[in-house]
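# Tertiary structure, described
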Amino acid sequence: MPQNSDIGRVEIMETRVTRLLGIKYPIIQGGMAWVANAELAANVSKAGGFGFIGAANAPAEWVRGEIERARQITDKPFGVNVMLLSEHADEVAQVVAEEKVSAVSTGAGNPGKYMKMWKDAGIKVMPVVASVALAKLMERAGADMVIAEGMESGGHIGEQTTMTLVPQVVDAVDIPVVAAGGIADARGLCAAFMLGAEAVQMGTRFVVAKESTVHKQYKERVISARDIDSVVTGRSTGHPVRSLRNEMTRQYLEMEKQNVSFEELEHLTLGALRKAVVDGDVKMGTVMAGQIAGLIKKEQTCEEIITEIMDKAEELLKLNA
Ligand code: TUI
């Protein structure tokens, strides 16, 4: 028998996004480069949320393999994030269509040229947007939803904050909006709903999930982060990236101040995310994480994270009153 609290939770948190994706809870896991593999995505989906495998710069066959592995872990829906700056983006886009994953999200660009192929394959398309203009363009191009991501996020970011971007996108489009950037708990979820979002996407909180296979030292760095510990490198190159302050970011920011060449800056960050995620080098590697890292205090399973957020959200919304 469902308990009263379960009934209330399902009613209030059932939105166009949960219906379109076929999920129980409006919590989506961001498709983070090097971090969001089959284990993480499948376990988020298993727990009632929606997991994304992050294709990042990986070749298409790696993505196909991860999709197969995720399908062995769960029969729940999950998706793939296509990072549009990748040299493999075309082939990854193709594999995603062939494999007919439930949804595709995109980052760092305009996925217009893939839209028809994905829609024809019956895939839900949800581009990440950092502006109202791109949100409108994506709606016209046939996107099912947009993910409005503020600059509080880790990794590659835009200029607007989540607080300002989400309501402006909500007012500008008729399709549902997912809020991302700076959200890691029930307060963030409820705040995003007040802004008009119909689900949230979280990255940093899932980096420290038990099922996340990132290096122990990466998780420890996120858990020990303070509010002021994230910095943005690469503003001068047009590819701003948020990560946790370390020796690499110190050197990078110093070099940016001295206007050193794009090539030299690239050299410092080449392979640096892998270095942090796989080797645990949190000094010279790129420890991508959002501004909300300071709020995250422990490693929990995906199920614990999702259940805790939904329980607290219910309390906040006083569903039992
Ligand atoms: O894509 C992300 N976050 C990422 S991608 C990534 S891998 C990478 N590493 C180093 C350099 C570059 C990439 C790490 N983190 N988030 C989604 C996102 N998309 N944030 C911002 C945007 C965005 C920005 C501008 C999307 C579209 C856009 O404009 C496109 C256009 O053509 O108008």
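Residues numbered from 1 in each chain as written. Predicted model: local features only at pLDDT ≥ 70, side-chain atom pairs only at ≥ 80, totals over all residues. Heavy atoms only, no water.

## Observations concerning the domain arrangement of the chain
- By the assigned domains, the chain splits into domain 1 (4–212 + 296–319) and domain 2 (226–288).
- The distance between the C-alpha centroids of domain 1 and domain 2 comes to 25 Å.
- Contact residues are listed per partner, giving 12 residues for domain 1 and 11 residues for domain 2.
- Where domain 1 abuts domain 2, roughly 960 Å² becomes buried across the two surfaces, and 65% of that area is made up of carbon and sulfur atoms. (Domains from an automatic or database assignment. Contact = heavy atoms within 4.5 Å. Buried area = accessible area lost by both parts, 1.4 Å probe.)

## With respect to the pairing of strand 5 (residues 124–129)
- Within strand 5, five of the six residues are buried, which leaves it mostly tucked inside the rest of the structure.
- Bridge analysis of strand 4 (residues 103–107) against strand 5 gives four bridges, and the strand direction is parallel. Paired with valine 104 across the bridge in strand 5 is valine 125.
- Taken together, strand 4, helix 6 (residues 115–120) and strand 5 form a β-α-β motif whose crossover is right-handed.
- As paired strands, strand 5 and strand 6 (residues 146–149) are joined by two bridges and run parallel to one another. Paired with valine 128 across the bridge in strand 6 is isoleucine 147.
- Remark: the strand 5/helix 7 (residues 132–141)/strand 6 crossover connection has right-handed handedness. (Buried < 20%, exposed > 50% of the residue type's maximum accessible area, 1.4 Å probe, protein only. Helix = DSSP H or I, 4+ residues; strand = E, 2+ residues; numbered from the N terminus. Pairing = 2+ DSSP bridges. Right-handed = clockwise from strand over helix to strand, strands pointing away.)

## A look at the confidence of the model for the chain
- Put simply, the chain has an average pLDDT of 95, and 95% of its residues get 70 or more.
- Mean pLDDT values for the elements of the chain range from 57 in helix 1 (residues 4–13) up to 99 in strand 1 (residues 27–29). (pLDDT = per-residue confidence, 0-100.)

## Some remarks on the sheet that holds strand 7 (residues 155–156)
- Read from one edge of the open sheet, three strands run 7-11-10, paired in antiparallel fashion. In the strand order of this sheet, the two ends are held by strand 7 and strand 10 (230–233), each with one partner.
- The pairing of strand 10 with strand 11 (residues 241–244) spans four bridges and is classified as antiparallel. Counterpart to threonine 233 in the pairing with strand 11 is valine 241.
- Packing of helix 12 (residues 247–257) onto the sheet brings it into contact with strand 10 and strand 11, and relative to strand 10 it is tilted by some 40°. (Axes fitted to C-alpha atoms, helices over the stretch in contact; angles between N-to-C directions.)

## Focus on the side chain of serine 230
- Within the secondary structure, serine 230 is located in strand 10.
- Judged by relative accessible area, serine 230 falls into the buried class, the value being 14%.
- At 2.9 Å, the side chain of serine 230 forms a polar contact with the side chain of arginine 242.
- Those residues in contact with serine 230, other than ones at most four positions away along the chain, are Arg242, Ser243, Leu244, Arg245, Ala289 and Gln291. (Polar contact = N/O pair within 3.5 Å; in protein donor to acceptor, adjacent residues only side chain to side chain.)

## As for the layout of surface pockets
- In this model, the second largest pocket occupies a volume close to 200 Å³.
- Considering the residues around the second largest pocket, the lining is formed by Glu152, Thr162, Met163, Gly181, Gly182, Ile183, Gly188, Ala191, Ala192 and Leu195.
- Looking at the lining of the second largest pocket, the elements with two or more residues in it are helix 8 (162–172) and helix 9 (186–194).
- If one sorts the elements of the lining of the second largest pocket by residue count, helix 9 sits on top with three residues.
- A per-class count over the lining of the second largest pocket returns five nonpolar, four polar and one charged. (1 Å grid on protein atoms, 1.4 Å probe; cavity = no way out; pocket = protein on both sides within 12 Å on 5 of 7 lines; lining within 4 Å. Points joined across faces, edges and corners; volume = space filled by probe spheres on them. Nonpolar A, V, L, I, M, F, W, Y, C, P; charged D, E, K, R; others polar.)

## A few points about the site of the ligand
- Of all residues adjacent to the ligand, which total 13 residues, the nearest are Ala108, Gly109, Val128, Glu149 and His156.
- Between the ligand and alanine 108, the relevant distance is 3.0 Å, taken from a nitrogen atom to a main-chain nitrogen or oxygen of the residue.
- A distance of 2.9 Å separates a nitrogen atom of the ligand from a polar atom in the backbone of histidine 156.
- The fraction of the free accessible surface of the ligand (710 Å²) that becomes covered by protein chains is 71%.
- Looking at the shell around the ligand residue by residue, the classes come out as seven nonpolar, five polar and one charged. (Near = heavy atom within 4 Å. Areas by Shrake-Rupley, 256 points an atom, 1.4 Å probe, with all protein chains shown as cover.)

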